[in-house]
Amino acid sequence: MKLTLLGATGSIGRSTIDVMLQHRELFSAYALVGHQNAEKMIELAELVHPELVVMTDPDAALKLKGRLPTGVQLDAGMDAAIAAASESSVDMVLAAMVGSAGLPAALAAVRAGKRVGLANKECLVTAGRIFMQAAHEHGATVVPVDSEHAAVHQALAGHDHDSVTRIILTASGGPFRNRDPETLHHVTPEEAIAHPNWDMGAKISVDSATMMNKALELIEARWLFDMPPEKLSAIIHPQSIVHAMVEYRDGSVLAQLAEPDMRSPIAYALQSKHRLTSGIPKLDLAKTGRLEFQEVDKQRFPAMRLVQDVMKGKDSLAIAFNAANEIANEAFRNRKIGFMKIVESVESVLSMVENLPVETVDDVWSYDREARRLTEEVIAKC
Ligand SMILES: NC(=O)c1ccc[n+]([C@@H]2O[C@H](COP(=O)([O-])OP(=O)(O)OC[C@H]3O[C@@H](n4cnc5c(N)ncnc54)[C@H](OP(=O)(O)O)[C@@H]3O)[C@@H](O)[C@H]2O)c1
């Protein structure tokens, strides 16, 4: 199977390469696509020997000139990433760029009818209806890479969609699950990024700390599994061993369990029929001991309250929810605003934007731009 890896230089991209290298006889890389991390790309190109390397930032591509292994082509810009995602010889595309910047190339892969391993949840949050409709029209298969959604996919396999009464995503609660909310105003980006169970990129780690990640995942689940908001819920599970559960009308609940390591859902996305070894440690429940669950505290995690309104609303609200979060998350990481201001800024922006259905990608970008502009204004007043 020949792959294009979008976001190859990130945490998911590197874990995917780890799984691919365990199965060299099954997988080869057509293209590795990164954004700015030229040094990481050289390392990965030496490991994988793709046919093509693309850096979406042209300045980063310049740094690679003459430094890639012999025979590896080099290209630059988002159009080159889109071409690599829709190239005819490619069987599968891993969509793991971060943020809504990942939408054009992932959508191109879907429109080219590829098997798409989807890590980039922001694609579905901003354009879920358009994305899933395109997959249907072009015969693309969208397989979740997010661990919770991969778990749901497994618990749904072979069952009747209409007999599902509830999908329950688990959430670790992040690094501040037990911290006194009064002290959260002063936490640093370093503290927020230090996730207790998962080793992830900076943006998603902060999203985990605010629980915006879980909120985005609920919207992602809505589109991936074609489920109404009232059937979607989340529960805190500090050990991150149970990744999700599906409840059926007869009262049965099917859960998927594994050690928290993204190589497991990635291996599943690469080959869901004939399971692959992934390199993750085997689960030893006797050693794990307790598996605990508790309600999500919406006072402590207001993102989980906001998402209920977003899911009840129209598409433009979800676009604003995501765009405002991307800007506020980055502002926190750049120490421009405090931790609690992330979700407060998102809430302010939601109160200013229109609540309308969205039919085209151009409209997605127009609502996205407007929400980013409003968020910058809100942040400037913080
Ligand atoms: N990490 C996880 O465990 C995990 C789990 C579930 C879902 N996800 C989702 O997977 C996606 C990737 O997460 P990650 O943790 O791998 O993030 P990450 O480590 O920050 O990597 C992000 C990737 O996106 C590229 N990128 C950044 N900005 C870009 C832009 N403007 N245009 C094009 N490419 C850009 C980066 O390139 P450079 O580094 O070269 O600049 C890098 O390859 C996110 O949507 C996240 O929510 C991640």
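Residues numbered from 1 in each chain as written. Predicted model: local features only at pLDDT ≥ 70, side-chain atom pairs only at ≥ 80, totals over all residues. Heavy atoms only, no water.

A. View of the overall build of the protein chain. Of regular secondary structure, the protein chain possesses 16 helices and 11 strands. In terms of overall dimensions, the protein chain is globule-like: its C-alpha atoms have a radius of gyration of 20 Å, near the 21 Å expected for 382 residues. Projected onto its principal axes, the C-alpha coordinates of the protein chain cover approximately 55 × 50 × 40 Å. Taking all 382 residues of the protein chain together, 57% fall into the buried category. Long-range pairs, those at least 24 residues apart, make up 67% of the contacts in the protein chain between residues at least 6 apart in sequence. Working note: accessible area of the protein chain is about 16,400 Å², and carbon and sulfur atoms make up 48% of it. Taken as two groups, the 39 positive and 50 negative side-chain charges of the protein chain have centres that lie 2 Å from each other. (Helix = DSSP H or I, 4+ residues; strand = E, 2+ residues; numbered from the N terminus. Rg over C-alpha atoms; globule rule 2.2 N^0.38 Å. Buried < 20%, exposed > 50% of the residue type's maximum accessible area, 1.4 Å probe, protein only. Contact = heavy atoms within 4.5 Å. Areas by Shrake-Rupley, 256 points an atom, 1.4 Å probe, with all protein chains shown as cover. Lys, Arg positive; Asp, Glu negative; His and termini not counted. Charge placed at Lys NZ, Arg CZ, Asp CG, Glu CD.)

B. Layout of the site of the ligand. What surrounds the ligand is a group of 25 residues, the closest being Thr 9, Ser 11, Gln 36, Glu 122 and Asp 146. Take Glu 122: an N or O atom from its side chain is 2.7 Å from an oxygen atom of the ligand. A distance of 2.9 Å is found between an oxygen atom of the ligand and a backbone nitrogen or oxygen belonging to Gly 201. Put simply, the parts of the chain that give the shell around the ligand at least two residues each are helix 1 (11-22) and helix 6 (121-138). Classifying every residue of the shell around the ligand by side-chain character gives 11 nonpolar, 11 polar and 3 charged. (Near = heavy atom within 4 Å. Polar contact = N/O pair within 3.5 Å; in protein donor to acceptor, adjacent residues only side chain to side chain. Nonpolar A, V, L, I, M, F, W, Y, C, P; charged D, E, K, R; others polar.)

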